[in-house]
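# Summary of structural features
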Amino acid sequence: VSTLVDTNKVSMEGFKKELLALDPRLGSTTEMTKALYQALSAGIEPAKAVKFVGEAAKFAKAGFTDAFTAVDVLTSVINAYSLAAEDAAHVSDVLFTAVKVGKITAGELAHEIGSVIPFAVALGVSFEEVAAAEAAMTLGGINAAEAATSLRALLSGMAHNADEFSKAGIDVQKVLSEEVLVGALERMNKVTGKSLFGLQKLVPEIIQDAQKIKIIEGATKRTTYIDDTTGKEITEAENHDQKVVDG
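Numbering of residues begins from 1 in every chain and follows the order in which that chain's sequence is written. In keeping with the model being predicted, local features are shown solely for residues with a pLDDT of at least 70 and side-chain atom pairs are shown and tallied solely at 80 or more, while totals for entire chains, interfaces and linings include all residues. Side-chain metrics rest on all non-hydrogen atoms present in the structure, leaving aside hydrogens and water.

Moving on to helix 5 (residues 88-101). Every α-helical turn comprises 3.6 residues, leaving residues that sit three or four positions apart pointing alike. To qualify as a helix, a DSSP run of H or I must reach at least 4 residues; to qualify as a strand, a run of E must reach at least 2; elements of each kind are numbered from the N terminus. Here the expected span of a helix is defined as 1.5 Å times the quantity of residues minus one. End to end, helix 5 covers 20 Å across 14 residues, agreeing with the expected 20 Å (1.5 Å per residue, within 8%). In this scheme, a residue with accessible area under 20% of its type's maximum is buried, one over 50% is exposed, and one in between is partly exposed, where area comes from a 1.4 Å probe on protein chains only. Within helix 5, 11 of the 14 residues are buried, which leaves the element mostly enclosed by the surrounding structure. Of the residues making up helix 5, those classed as buried are A88, V91, S92, D93, V94, L95, F96, T97, A98, V99 and V101.

Unlike most non-glycine residues, S82 shows phi in positive territory, near 55 degrees. Relative to the helices and strands, S82 resides in the loop between helix 4 (67-80) and helix 5. Positive phi is not limited to glycine here, since V180 has a value of about 50 degrees. When you line up the elements, V180 lands in helix 11 (residues 172-192). Overall, V180 belongs to the partly exposed group, its relative accessible area being 34%.

This next bit is on the nonpolar core. Soluble globular proteins: nonpolar side chains tend toward being buried together. F52, L95, I113, L151 and M188 are the most contacted members of the largest nonpolar core, which totals 71 residues. The biggest single contributor to this core is helix 3 (residues 46-63), with nine residues. Note on contacts: a residue pair is in contact if any heavy atoms of the two residues lie within 4.5 Å. Non-local contacts of I113, meaning those with residues more than four positions away in its chain, are made with V73, L95, F127, V130, A131 and E134. To define a nonpolar core, start from buried Ala, Val, Leu, Ile, Met, Phe, Trp, Tyr and Cys residues and group those joined through side-chain atoms within 4.5 Å.

What follows concerns the side chain of E134. Here E134 shows up in helix 8 (residues 127-139). Of the side chains with opposite charge, R152 lies nearest to the buried E134, which makes no salt bridge, at 7.1 Å. For E134, the residues in contact, after removing those within four places along its chain, are I104, L109, E112, I113, V116, A144, A147, A148 and L151. Think of it this way: Lys and Arg go in the positive column, Asp and Glu in the negative one, and His and the chain ends go nowhere. The salt bridge criterion pairs a side-chain nitrogen of Lys or Arg with a carboxyl oxygen of Asp or Glu, the two atoms within 4 Å.

With that out of the way, let us pick up the pattern of salt bridges. For the structure shown, the criterion picks out five salt bridges. For R25, the salt bridge goes to D23, with nearest N and O atoms at 2.9 Å. For R25, a relative accessible area of 44% gives the class partly exposed. By relative accessible area, which is 23% here, D23 ends up partly exposed. A salt bridge links E86 to K48, with the nearest nitrogen and oxygen atoms 2.9 Å apart.

Turning our eyes to something else, we now look at the confidence of the model for the protein chain. Confidence of the predictor at the level of single residues is captured by pLDDT, which takes values from 0 to 100. For the protein chain, mean pLDDT is 82; residues scoring 70 or higher make up 80% of the total. By mean pLDDT, the top-scoring element of the protein chain is helix 4 (96), and the lowest-scoring one is helix 15 (residues 230-246) (47). Below a pLDDT of 50 lies the segment residues 229-238, which in the model reaches 13 contacts outside its immediate sequence neighbourhood of four places, other chains included.

Here's what the structure looks like:
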């Protein structure tokens, strides 16, 4: 850890005390130290790093994964969406909600979501939508890896084929901004008459996954449930975190 900070400004003894002050049920000091190293490597400010690790460890325990993996996915989301370290609790709660609602583990979500986020950010699709879509797609019978691949291909196609969408009367950026991802998919189905040929023309990137776009469209409708009950679900996530810590 000392190699990642200016030891003239950051106290290693302070780090040690903060780590030891974390609830031991969140993980061993060794595990927390590895997670801290990962957090600092990803750009989390030293003054906020231990608290960040504590939030990540709560998600790790609730989602049955390790703190290092939890820190990795949290920092990926925070950095991609230019969020603050203080947003770690919200991000972890959204992830836990996705795990709870979908047929996906925390480890799977953490591993797969990173490949989708850059495309989502480029199109202005929120992290909450991405997590919800990933979870909802698994409910439609797609495993975590396939869900990420299909969602990534869809978003990539929407970004790269704006002209084709425009010819079909769909302003990709406007629709995603006003009607979010579900609205965009519904528009696609409407203008193509749910024709696989028409869908492939709009998004040739999914030519091998044409059937999956229907599953995506149907599954992402379930994101309405996640979005509409976010407050309730996040409260439950927070309660679950506490129950895990309390044993």
